[in-house]
Structure formats: C-alpha cells, structure tokens
Amino acid sequence: MANKKVLNRGIRYLAMALPMLFLGPVIIHSSFKNQSNPLFYPVLGFGILVCLTAMWFMFLGLKTVTNSIFDK
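Residues numbered from 1 in each chain as written. Predicted model: local features only at pLDDT ≥ 70, side-chain atom pairs only at ≥ 80, totals over all residues. Heavy atoms only, no water.

> I'm lost on the environment of V43 in this one. Help?
Turning to its location among the elements, V43 is positioned in helix 2 (residues 40-69). Distance from V43 to P25, taken between C-alpha atoms, is 11 Å for residues 18 residues apart in sequence. Once residues within four sequence positions are removed from consideration, V43 is found in contact with I27 and S31. (Helix = DSSP H or I, 4+ residues; strand = E, 2+ residues; numbered from the N terminus. Contact = heavy atoms within 4.5 Å.)

> Whenever I open this one, the UniProt feature "transmembrane region" (unreviewed entry) in the protein chain confuses me. Can you help?
The feature "transmembrane region" (unreviewed entry), as annotated in UniProt, sits at residues 12-32 and 38-62 in this numbering. Secondary structure within residues 12-32 divides into 100% helix and 0% strand; the distance between the first and last C-alpha atoms comes to 31 Å. Across residues 38-62, helical content stands at 92% and strand content at 0%; the span's end C-alpha atoms are separated by 38 Å. (UniProt positions renumbered as here; feature names shortened; annotations may be inferred.)

> Explain the packing of aromatic side chains to me, please; I cannot follow it from the model alone.
Applying the stated criterion to the full structure yields four aromatic pairs. Where Y13 meets F57, the ring centres are 6.0 Å apart and the plane angle is 25°; that geometry is what we call stacked. Taken as a pair, Y13 in helix 1 (residues 4-33) and F57 in helix 2 lie far apart in primary sequence, 44 residues in all. Here Y13 falls in the partly exposed class, since its relative accessible area comes to 21%. A ring pair is formed by F40 and Y41, whose centres lie 4.8 Å apart and whose planes are at 65°; its orientation type is edge-to-face. Aromatic rings pair up to connect F32, F40 and Y41 into one cluster. (Phe/Tyr/Trp six-rings, centres within 6.5 Å; stacked < 30°, edge-to-face > 60°. Buried < 20%, exposed > 50% of the residue type's maximum accessible area, 1.4 Å probe, protein only.)

Right under this line is the structure:
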C-alpha cells in the first residue's frame with residue numbers, strides 16, 4: 001500500500017512541473033522571435049531556467065511517487 005502523504009507530495013511536485021513544461025518552451029520561442037531585442041539573452045536564460053526547473057520537479061515527483069509506492 002502506498003504512503004498517502006509521500007504520494008501527495010510527489011503528485012504536488014508533478015503538478016508544479018506541468019505548467020512549467022509548457023511555459024519554458026513558449027518563453028524560449030518568444031525570445032528567439034525577438035533576437036534584435038536587447039533583452040534577448042535574459043529572456044532566453046529565464047526560459048532555459050524554467051525548463052530546467054520543470055525537469056527537476058518531474059524528477060523529484062517521479063522519484064517521490066516511486067518511493068511511496070515501493071515503501072522505501
């Protein structure tokens with residue numbers, strides 16, 4: 001049986017990652033559409049940071065859900 005508290009925490013991590021999985025590529029695409037803008041590099045860096053954060057939350061969420069299921 002899965003530990004409910006740990007499972008909820010893992011699902012919360014996955015829920016935080018979901019919007020960032022869509023927002024990061026949109027920000028990166030927007031920055032590449034406006035390469036002549038002086039804020040190109042900060043916006044690109046922010047988009048990459050959002051994508052990396054989404055991947056980190058996905059990793060934490062899947063790891064936490066797996067730990068709750070297998071009672072580690």
